[in-house]
Structure formats: structure tokens, C-alpha cells
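In case you want the letters, here they are:
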Amino acid sequence: MDTVRTRTLPSPRPELGSGAARLLPALLVTIALGCMGSGEPRNPAIEDGGRKILRVARRAEYKSLDPAGQFDSASAQIVGNIYDTLLEYHYLQRPYELVPNLLAEMPQLSEDGTTYLLTLRRGVRFHDDPAFPGGVGRELTIDDVIYSIKRFADVNVNVKSYILIQNVIVGLDAFRDATRQHGPGMDYDAHDVEGLQRDGDYRLKLRLTRENPLALYPLAATPMSIVAREVVEAYGEDFARHPVGTGPFTMHRNDRRGRVVLAKYPRYHGRYPDRGMAGDRERGFLEDAGARLPLVDEVHLPLIEESQPAMLRFRKGELDLHTVDRDNFIKMVDRKDGEFRLRSPYAEQFELITAESLATEYIAFNMNDPLVGENVALRQAIAYALDVEEYIEIMLNGRAAPLKTVVPLPIAGSQRDIGADYYEHNPERAKQKLVEAGFPGGEGLPAIRFDYRSTTKETRQGFEFMRYKLAAVGIKAIGRFHTFSAYLQRIESGNFQVGSSGWYADYPDAENFYQLLFGKNGPPGPNISAFADPEYDRLYLQSRFMTNGPARFAIFERMSEILRDRVPVILRYNSISFAIYQKRLENFSANMMVDAPFKYVDLDIRLAADEGVESEREAADER
Amino acid sequence: MSAAAPPVQQPVVGQSLGARAMGILRRRRFVLLSFAVIGIYILIAVLGYAGLLPDFQERVGESYEPPSWSFAKLLGTDIFGRSVLYKVLVGTRTAMTIGLVVAAISIPIGVGLGAVAGYYGGKIDALVVWLYSVITSVPSILLIIGISYVLGKGLVSVCLALGLVGWVGLCRLIRGEVLKHKNREYVLAARLLGAGDGRIIFRHILPNVLHLPIVTASLMILGAIKSEVILTFLGVGIQDGDSWGTMIQDATGELAQGIWWPLAGVTFAMFAIIYALNVAGDALRDALDPKLID
């Protein structure tokens, strides 16, 4: 999975937003300019008949509702609630932990470590749909799983996310090649995949190309959701607009430009987790332990692309949750001693939730560049000259934590688990290093070019901040700002000096971050620095498939030292995401691996009162 | 009734167009003020190129200090504690550069093509008309964005983009005027005397239509300044943080936090130069257009 990369993840993030945007990838960010409307928040959670209705804004049109055909957060928000994956992330447990979803138990690993035995949960039924005989959803079988994995590998269906599982399952890459040669409509039954061995109606042996504890993560990714063959075949092209799965909700109303309505699937198999972290019980997260999911009756997802109207509607109580961006943050949130609190009067109305994102922000040097690539002292000088702490303070208003290793804080093996020290702002050391680099006082040093992956004002201001810090020690900088695709082109062709980069976890394992500097992942792979260090590569391969523990962490520590001493990248920060939600919303835990946790949340009917006006609003949505 | 003495014949002294214009302009104080404003802006730009403006990247105070009575903080400070006044001054240099360079690119093109097309007519005319019709048929902002993507971002490409798009209006005007003039008696006379095409166009016709480029220039500078701000605001213009456009872009988030001074400073700077150019443009037309001579 070493080639998995952020570029395939939902829409390119500007630097600032990279973390914030994923907290509730679907529920996104706001830029509110003027003053927000005031007025008593009213509670539209309940409509006639006492149905519980969760309301969340969609911030972009979904691309496709075909699980294998999508890989963006707007689509995943819906796909993840209509379809199920074999495994899923535990809603409350941290660090993130995989638990069975469509499987009856966690896959069992064979003695030699290369075969997983998957046992399917019995009695799971697809949603009712005319595509099934009699219109009644049939039971899920292992054939659906095999079909879905093959379909996921079909190059004519899935162009975006196959890298999740490339080179993982025996014979699946060859199958993908076969679909490429055959073109659309290949008969999957005629092509057996060696690594997918059926064992009765409910069991599957999954053979891996090698020992690989990371192999299970893709089974929890929405593109690998399980679909029913009849439905795919019945709807053909239209399948992308006609989702039928086994998930917690069914598609009730599908208005791509307007309001999407998901309705509770009463026969859903899932139950609310019965364990959590310390404190979860006190916070009321376990009151529904063991309850049948989903807890709400409907989820309404109006499309509100502009952030200000979305925030206004949230504040009027017409949306149940919303993310907080920089401008709203300044307005609504107070920071004292590292604690974030909503200001009055917001604190009386709403709840605030924060979470460290699973993303690393860094600056990458092109190690093939004759100037910065050859001169380690120059790179160190730049590392000393930057002031990440102040950047976080001024540009991010404290909404990030500085990084000392490449791994984001919530992932096992981060700087919380290993000893690490890193460059801190020190202009004197920077000047010293500059002398060592052969450019005392910056004399003779040409301006260094920094390439950025967005053209937003935050990006430009970020550059201005850095330019100032570099100028203070005598280094001149030129900023070049590109669209995300132009940036990628430039980076992949190695035509850059310094690139501002970031990585969002494909799966919550430190390996996903250390691979960013593995020699063989050089451009066009994720190692954009083209960094190659024999010792680092050896340690990486050694640690790659180890389970987390002191032995693995010791290797991480050594790898981090190599990265610190050779500075192929300058690590910057791990951003913190913010969301606010209505007090009536229950069980809302910040889980960065769950795209849209609609099935777990509940609405407190006692806090629901006024109605009526909402129906007008909805009537407006319809129009 | 005594016969009145015959009136004394005053010799009629011909007044040159330029002298007449100067006379008209000089009588209007507000116009002079406008020219003074333009002069100051050009001076600031020149000072900027001479390296005599204060360094706008220097931090003069804390983040977001409101305006106060020290020179650097007259307009307050920005997010990094830099002087908004210095940024406005450096932005002035950028704006004036763009205005003047754009005018310098597009006016010769407009005048040259317009005169040639109007004078020769036929296929040459068709070609020129086709060219500017094509350019005008593309929404100009998109065309400019396209050009700046090809040329890369920055001052040079903004100038080129605006200059290469901006000549169309002037070209059309000049072509029309030249069409009108080329059959006038003075042109026929010149031709009878054996003057060549070049001489007729440049010595005889052009001086009669020269008021058009002069008036257009002042409006073009104004348009270019505004376009630069818009382009930069949209993220395709100057990105070095020393233009009015980037300052306005920065202000979008600041205003919600009650930080009005960066936007106020840059808006005033823009207002003054654009107003001055407008007044100057109108005055120049009044003064220079031969048709308005009574």
C-alpha cells in the first residue's frame, strides 16, 4: 500500500484547511464574512409523527454513489451510510481500531501469516429494491463479497482507489490487467482470482501476496463497500445514482443539487458499541450501548455550497452540526491555556468538539536540486529559520500542534510514543548553518523557490510569513502558487526546489507516513523529495509490517533521527479540527476515520420544540 | 452720425492645439489637482524603483494594531504587524507600473492597427476587424486569466495580458476616425502633392485623431489598475504580497473581525488615483478634441 497517496483523497486541501476539512469531511468548512443573523434557535429535529430528523449540510455535489466509482468526501458521506464495508473503525476507541462490520468476527490469520479467513455475518439483508426477486432484499452471501472485490479491481469501474489494495491480494492485480484488456462488461465468474477462495456460503479465504498487517485497512474503506450483483446489473450506468446496500440508511430522496434524504433501514444489523475510552461513559457516549442502529429516523442533507448560509442555518438551529473555520473560529472560540471554549452567547447554545487531524503538514526539499538537495547545512538553516510555533499562533490561531516526527499525534508511534527532538526557531543557529553552507549572511545564495499547492489567501499569507522569517537570517524566497493539479505535475516531474506538502492518513498506521520518504517511493510516488537513505530504507522495510510496540517504536525513533539530521523535509504541524453542534445532538464523537457517523448519533427529543417554519424552508429546498 | 472708424484689424495668431489645451486645463483648478495626484502616484512609483520606499516586510508593531499617530502606523498594521501604509505605497508602485506599461503596450497596437485598417481598408481592414472581433468575443476576464496561465503568474504576465487585450477599443475608435479623415480635402491635397501613405497617415491624419489615444490612455491606466486588483483578488495576478489586490483579498476575513483599516487604506489609495484619472481623462478630452473647438 506504499503507493497510496493523498492526491486520491477528496478534493485538494489548501494548507490551512487540510485537517479541518476532514473532521467531518462531509460537513464542511465555513467562511462567514459579515455578522450572522440572530434570533432564537429553534428546533426542527422533530417533524410530525415524532420522527427524529438529523440535518447536516452537504458542501459539494456527490460525484458518484457507486462505491467503487467514488473517492471524494461528498460521495463517501452518502455511500458510507447506505453501504457497508467488511470492517469498520470502532466509533469510540482510540487509537483507531478495526472492528467487524459485515463480518461476524475479525479475520483470522493463518499460521504462515499470509491468509486471512473472513467469516460473514449471517442474516444481513440488502435493502428492498425492485432489482431483487419480489422486490425484497435478499440475504448477503460470500458471493457478493467476491463480486464486490472483483468489481473494485475492475479498471473499467474503479479508476480512483485501486491503489488502496494494489499488490495486496494474490492474483487481483492480474485480474485488473485482464479487465483492462477486456474492456467493460467482463464476466467476473470466468476469471478466478487465486487469492479469493470461497469456503462455503459465508466464508472466504483471502490470500495475501506477503505477510502484511496493513492488508485489513482497505476493507474498511468506503470504495470497498459490498454491492449486490443484481442491482449493479439491473441499473447499469444508472447504478451510480441508485444505491442499494446493506447499510444503516436507504436512499429516500435523491436530489443531487437539492436535498438528499436518507431513511432509516429498520433491519440494519449494526449495534452501538458497548465500550469506549475513559470518560466516554461520563460524557454520555455509552448510554445507547448495544442499541440497534441507526438511532435517528431520517437524515436530511441539503446542498449548501456557500459557507455563510450554512453557518447561518446552523445558528438558526436548522442544521445539527457544522465545522468551524478560521474566521468563525476567531469569532466564536476562546482559547485559554490550550483549552478551546465557545464564547458567550454561543456557549449557551452549542457544543464545541475538537480533534487532532490525521494529517502532517511539511515542506519538502527536492533532493535532486543542485542547490538545496546537495547542501544539508542550507536545509538545516531553513529549518532553524522557520518559526512553526509562531506560525501556528498567528496563522492558525493555535489550531495545530508542532510535529517532531512525520507521524500525526493521534497515530500510534507519534512523538507521544517515541522520544524525538526537532528544530526549533533559532535565528542564531540558522545564521551559523548558513555560514557552514557556504553562504555567510546569505551572500551568494540565490532566492529559493517555494511551490505551493493552492492559491488561497491563507497560502499566500503563509508564504509571506515564511519569507519574513527567512529574510531575517538572510535567505531570500520566491513563492509560486499553483492549482493543485498544476502543483502535482510540477512536483512529479521533479521541476521544483521546495514544495509545501501534506499527507492525510489513508489508514491510521505510522507506516503510511514513514513511506513518504522511502527511497523506492520517489517521484511520481509519494516521496516527492526523492530522498534515499540506505539505513532509512532498511529500517522502514523492517518496521513496515511489525505490530506497534517498543521494538517498532525504537526503529521509528532512529528513522526520525535520520530525517532530522538529513532534513529531506521540514516537519511543520498537525492541525486540529473544530466542529460545533446543537445541544440536542447526542453521541457525537470526533472520529477522523468515519466519514459521516450518522448511524451513531441521536437527537434528544426533549430539547426539540418549535416546528413549522422548517417545513417552509424545506419547501424552498425542493424548489 | 459720424462714420465710425474702421475697426483695427487684429492679426489672428493661430493657437496650437497643445497650447490651447494647456490654457483650458490651467484654468481649472480641480483638474490641476487631479494631475498633481497622478504626479504624486508616479513619483511614489519612481521612488519605489529607486529603492527609497520603506520596506513593507518589516514588522513595525504587533499584529493588527489600529491606526495611530506614528508614520508607519498611520494606517495601522496587518496580521504580521507590518505597516499597512508601507504596503499601500508598495502597492502603488505595482499599480502605476501596470497602468503605464499596459498603456504603453496597448496604445501603439491600437493606434497602429486602427490607422492601417482605416486607411487601407480592404483585406487589411478585414483582417484587423476579424482580429479584434475575435478578441472581444471572448469575455476579457477569461482571456486575461488564460494568458496569465500560459505566461505564468506575476507582474510581467499581468501587464502583457492586460496590454494584449486592452487595445481593441482604441483600435476601433482610430479606425473609424481614419476612415472619416482619409477622404477629407487636406488628405486629398497631400496626396496630390505626392505624399506617400506613411506620410499621410502619420503626419496628416494622426495628429487630427491624437486626442483619442491621449484620452484613452488615462482611462486605460485606470482600467488596468482595477483589473490587476480583480485578477489578484481572484488569485491569478500578483502574488508577492505587494499589490492592492492581495491587500483586498486579505481583508475579506479581517473585516468580519472588525479590522477595517487595511481595507480602508487600500480603498482610499485606489479611490484617489482612479478619481484623479477619471477627472483628468474627461478634462483632456474637453481640451484636446478638435471638434469641441468653438
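The rules behind these values
- Residues numbered from 1 in each chain as written.
- Chains lettered and ligands numbered in written order.
- Predicted model: local features only at pLDDT ≥ 70, side-chain atom pairs only at ≥ 80, totals over all residues.
- Heavy atoms only, no water.
- Core = buried A, V, L, I, M, F, W, Y, C linked by side-chain atoms within 4.5 Å.
- Buried < 20%, exposed > 50% of the residue type's maximum accessible area, 1.4 Å probe, protein only.
- Contact = heavy atoms within 4.5 Å.
- Helix = DSSP H or I, 4+ residues; strand = E, 2+ residues; numbered from the N terminus.
- Polar contact = N/O pair within 3.5 Å; in protein donor to acceptor, adjacent residues only side chain to side chain.
- Domains from an automatic or database assignment.
- Salt bridge = Lys/Arg side-chain N within 4 Å of Asp/Glu carboxyl O.

Here the focus is the nonpolar core. Residues A:Leu172, A:Ile448 and A:Tyr514 are the most contacted members of the largest nonpolar core, which totals 167 residues. With residues up to four places along the chain from it excluded, the contact list for A:Ile448 reads A:Leu371, A:Val372, A:Leu378, A:Ile382, A:Ile475, A:Lys476, A:Ala477, A:Ile478, A:Gln497 and A:Val498. Listed in part, the 76 residues of the second largest apolar core include A:Met395, B:Ile38, B:Tyr41 and B:Cys159.

The subject of this paragraph is the side chain of A:Gln380. Residues and elements named next belong to chain A. By the element assignment, Gln380 lies in helix H9 (residues 376–385). A distance of 3.1 Å separates the side chain of Gln380 from the side chain of Lys433, its partner in a polar contact. In contact with Gln380, other than residues within four places in its own chain, are Tyr423, Lys433, Asp565 and Val567.

Residue and element names in this part refer to chain A. According to the domain assignment, chain A contains domain 1 (24–65 + 243–355 + 578–622), domain 2 (85–240) and domain 3 (359–576). Counting residues at the interface gives 34 residues for domain 1 and 25 residues for domain 2. At the junction of domain 1 with domain 2, the criterion picks out three salt bridges. For Glu88, the salt bridge is made with Lys599, and the minimal N-O distance between the two is 2.9 Å.

The next thing to look at is unusual backbone geometry. Residue and element names in this part refer to chain A. Going from Leu293 to Pro294, the amide bond is cis rather than trans, its omega being -10 degrees. On the secondary structure map, Pro294 appears in the loop between strand E10 (259–264) and strand E11 (298–302). Here the bond from Ser344 into Pro345 is cis, since omega is 5 degrees, no more than 30 degrees from zero. Structurally, Pro345 can be placed in the loop between strand E14 (339–342) and helix H8 (346–349). One non-glycine residue with positive phi stands out, namely Ala530, at about 60 degrees. The residue Ala530 is located in the loop between helix H14 (511–514) and helix H15 (534–544) in this model. The backbone phi angle of Val567 is positive, close to 45 degrees, even though this residue is not glycine. Within the secondary structure layout, Val567 lies in the loop between helix H16 (550–566) and strand E21 (569–582). Given the relative accessible area of 0%, Val567 is considered buried.

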